[in-house]
Amino acid sequence: MELFDVVDVIRVKRDGHALTKPQIDWVIDAYTRGAVKDEQMAALAMAIFLRGMNREEISQWTSAMIASGERMDFASLARPTADKHSTGGVGDKITLPLAPLVAVFDVAVPQLSGRGLGHTGGTLDKLESIPGWRASMSNEEIYSQLGEGCGAVICAAGAGLAPADKKLYALRDITSTVDCIPLIASSIMSKKIAEGTGSLVLDVKVGSGAFMKDIDQARELARTMVDLGADADVKTFAYLTDMSTPLGLTVGNALEVRESVEVLAGGGPADVVELTCTLARKMLEMSGKTDVDVEAALKDGRAMDVWREMIEAQGGEVDAELPIGAESHVVFAQEDGVLHTLDALSVGVASWRLGAGRAVKEDPVQAGAGIEIHTKPGDPVKKGQPLLTLHTDDEWRIPRALESLEGGIVIGDSAPDAACVVLDEIG
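Residues numbered from 1 in each chain as written. Predicted model: local features only at pLDDT ≥ 70, side-chain atom pairs only at ≥ 80, totals over all residues. Heavy atoms only, no water.

An unreviewed UniProt entry lists the protein chain under the name Pyrimidine-nucleoside phosphorylase, with Schaalia cardiffensis F0333 given as the organism. Under Subunit (unreviewed entry), UniProt gives the following word-for-word description of the protein chain: "Homodimer." In UniProt, the protein chain has this text filed under Sequence similarities (unreviewed entry): "Belongs to the thymidine/pyrimidine-nucleoside phosphorylase family." (UniProt positions renumbered as here; feature names shortened; annotations may be inferred.)

Take a look at the structure:
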């Protein structure tokens, strides 16, 4: 005998009323075990999409998703734990240098990551371009690497964490209920809270290449997630960061790993270094480490040492040559002037079409596909100067990638307004 009739629960939200804690707990549990069918949950998700949720409802929905599976606990570690989550963008390889950088200062980083879909890249896809590296780790291996090991783990989240979210996300994807702030926030935060981290820094991307195009919407999402963290006693802080232009000078799996190693070696693009250091300082501050020089840890090789240990612990050949696409194509400037626009979405879609991303989660990705960026907005250019180099294993992919770049590269007479990497902070 079920505690509620799902039709009654759907009707409550359809008519604009708040769901109670017992109703939410029951519907998430019943959906996870199959007593509530996909078509019924789809109706409820659409009702939430149209009617919204208040803070108490979102908090309880998140708690119920966490309760649908296991919850990791790092309280026994001698080190505090801190994690970072990005809402995804183009060229966003920040996790790769960030995790080892934070671990330098004796803060453990349990970075459970995902794969890319569409034009946004996935951290696991990037790291799998390193020969031998494995994304799957047991809980015991994670604890060991965070405790006695190097202090940083980047791996796939286990199936036991928030299984209700995995099931509901797949349903939202096919019912046009993805871009719903209560459901986005609870999806992200249920997994992050279940991971058991002591503090969490959110990187909410804003702009053409981001999920959130509008800064007010992004601010609402960030505020909602910070509140969910507070409700769950997880210290949470959010940055809104620019994603109108690709981050760094590479987009694509192995290309982004190569650039991340440059950052760990004390070099790399200024915007990648700036954001990595900004997030690292906040993660460390929230873990009680305030007197730290993160820039020095990049310059003197300490972060690189942790990177090497982390990659090797997961089977990666840290000195192996990274793959590059067998075919390449250079995009040249068609006139003199100043590069005014390099649209993140256009570049992201082009990289996806070159084989660096996937249309559905079962698709394979090419480790060596992607785009090298030779010029960023504000740089002067001459006609015939290389702007981008496209890489792929399949020559037939290049024309479609070039189509996606049409209109995304604008050369003008003057530089655009200087863009800030960090647009806002919400704590």
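A. A look at the overall build of the protein chain. The helix and strand tally for the protein chain stands at 16 helices and 13 strands. Radius of gyration (C-alpha) of the protein chain: 22 Å, near the 22 Å computed for a compact globule of 427 residues. On the principal axes, the C-alpha backbone points of the protein chain span a range of 70 × 45 × 35 Å. Residue pairs in contact within the protein chain that sit at least 24 positions apart in sequence constitute 79% of those at least 6 positions apart. In the form shown here, the protein chain has an accessible surface area of approximately 17500 Å², with 51% of it arising from carbon and sulfur atoms. Where the 40 positive side-chain charges of the protein chain centre and where its 65 negative ones centre are 3 Å apart. (Helix = DSSP H or I, 4+ residues; strand = E, 2+ residues; numbered from the N terminus. Rg over C-alpha atoms; globule rule 2.2 N^0.38 Å. Contact = heavy atoms within 4.5 Å. Areas by Shrake-Rupley, 256 points an atom, 1.4 Å probe, with all protein chains shown as cover. Lys, Arg positive; Asp, Glu negative; His and termini not counted. Charge placed at Lys NZ, Arg CZ, Asp CG, Glu CD.)

B. Layout of the layout of surface pockets. If you add up the space inside the second largest pocket, you get close to 480 Å³. Taken together, 23 residues form the lining of the second largest pocket, with Asp242, Thr245, Lys376, Pro377 and Ala419 sitting closest to its centre. Secondary-structure elements contributing two or more residues to the lining of the second largest pocket are α12 (270-286) and β8 (337-342). Counting the residues that make up the lining of the second largest pocket, at least three belong to each of domain 2 (82-314) and domain 3 (327-412). (1 Å grid on protein atoms, 1.4 Å probe; cavity = no way out; pocket = protein on both sides within 12 Å on 5 of 7 lines; lining within 4 Å. Points joined across faces, edges and corners; volume = space filled by probe spheres on them. Domains from an automatic or database assignment.)

C. Summary view of empty space enclosed by the protein. Enumeration according to the criterion identifies one cavity of 30 Å³ or more in this entry. Around the largest cavity, the lining comprises 18 residues; the ones closest to its centre are His119, Thr120, Gly121, Val251 and Ser351. When residues of the lining of the largest cavity are traced back to their parent elements, those giving at least two are α11 (253-264) and α15 (344-356). Ranked by residue count, the leading element in the lining of the largest cavity is α15, at four residues. Looking at the lining of the largest cavity residue by residue, the class counts come to four nonpolar, eleven polar and three charged. Viewed by domain, the lining of the largest cavity spans two of them, domain 2 (82-314) and domain 3 (327-412), each represented by three or more residues. (Nonpolar A, V, L, I, M, F, W, Y, C, P; charged D, E, K, R; others polar.)

D. Structural context of the pairing of strand β4 (residues 199-206). For β4, the tally of buried residues reaches eight of eight residues, placing the bulk of the element in the interior. Here β4 shows no split at all, with Ser199, Val201, Asp203 and Lys205 on one side and Leu200, Leu202, Val204 and Val206 on the other all buried. Inspection of the sheet shows strand β1 (residues 82-86) paired to β4 by five bridges, in the parallel sense. Within β4, the residue paired with Lys84 across the bridge is Val201. Pairing of β4 with strand β5 (residues 235-242), which is carried by eight bridges, proceeds in the parallel orientation. Paired with Lys205 across the two strands is Thr241, which belongs to β5. As for the winding sense of the linkage, the β-α-β connection from β4 through helix α10 (residues 215-231) to β5 is right-handed. (Buried < 20%, exposed > 50% of the residue type's maximum accessible area, 1.4 Å probe, protein only. Pairing = 2+ DSSP bridges. Right-handed = clockwise from strand over helix to strand, strands pointing away.)

E. Main features of the UniProt feature "domain: Pyrimidine nucleoside phosphorylase C-terminal" (unreviewed entry) in the protein chain. When the UniProt feature table is mapped onto this chain numbering, "domain: Pyrimidine nucleoside phosphorylase C-terminal" (unreviewed entry) sits at residues 338-412. Structurally, residues 338-412 comprises 28% helix and 29% strand, and the distance from its first C-alpha atom to its last is 5 Å.

F. Structural detail: the pairing of strand β3 (residues 152-156). Counting buried positions over the five residues of β3 gives five, a clear majority of the element. Bridge count for strand β2 (residues 109-113) against β3 is five bridges, and the pairing is parallel. Opposite Pro110, over in β3, you have Val153 as the bridge partner.

G. Representation of the packing of aromatic side chains within the structure. Across all of its chains, the model carries three aromatic pairs by this definition. Seen from their ring centres, Phe74 and Tyr143 are 5.1 Å apart, and the 55° between their planes marks the pair as tilted. Separated by 69 residues along the polypeptide, Phe74 in the loop between α4 (55-67) and β1 and Tyr143 in helix α7 (residues 139-147) bring together distant segments of the chain. Cation over ring: Lys167 sits above Tyr31, and NZ or CZ is 4.5 Å from the ring centre. The residue whose ring lies beneath Lys282 is Phe237, and the NZ or CZ to ring-centre distance is 4.0 Å. (Phe/Tyr/Trp six-rings, centres within 6.5 Å; stacked < 30°, edge-to-face > 60°. Lys NZ or Arg CZ within 6 Å of the ring centre and 35° of its normal.)

H. Representation of the pattern of salt bridges in the model. For the coordinates displayed, the defined rule picks out 29 salt bridges. With a closest N to O distance of 4.0 Å, Lys205 and Asp92 form a salt bridge. Here Lys205, found in strand β4, pairs with Asp92, found in the loop between β1 and α5 (95-103); they are 113 residues apart in sequence, far enough to count as distant. Taking the relative accessible area as the measure of exposure, Lys205 reaches 0% and is therefore buried. Since its relative accessible area comes to 9%, Asp92 is described here as buried. Here Glu285 and Lys282 are joined by a salt bridge, their closest N and O atoms 3.2 Å apart. Highlighted residues: Glu285 and Lys282, both in helix α12, separated by three residues, approximately one helical turn. Here Glu285 falls in the partly exposed class, since its relative accessible area comes to 44%. Salt bridges sharing partners connect three or more residues here, namely Arg55, Arg223, Asp227 and Asp231. (Salt bridge = Lys/Arg side-chain N within 4 Å of Asp/Glu carboxyl O.)

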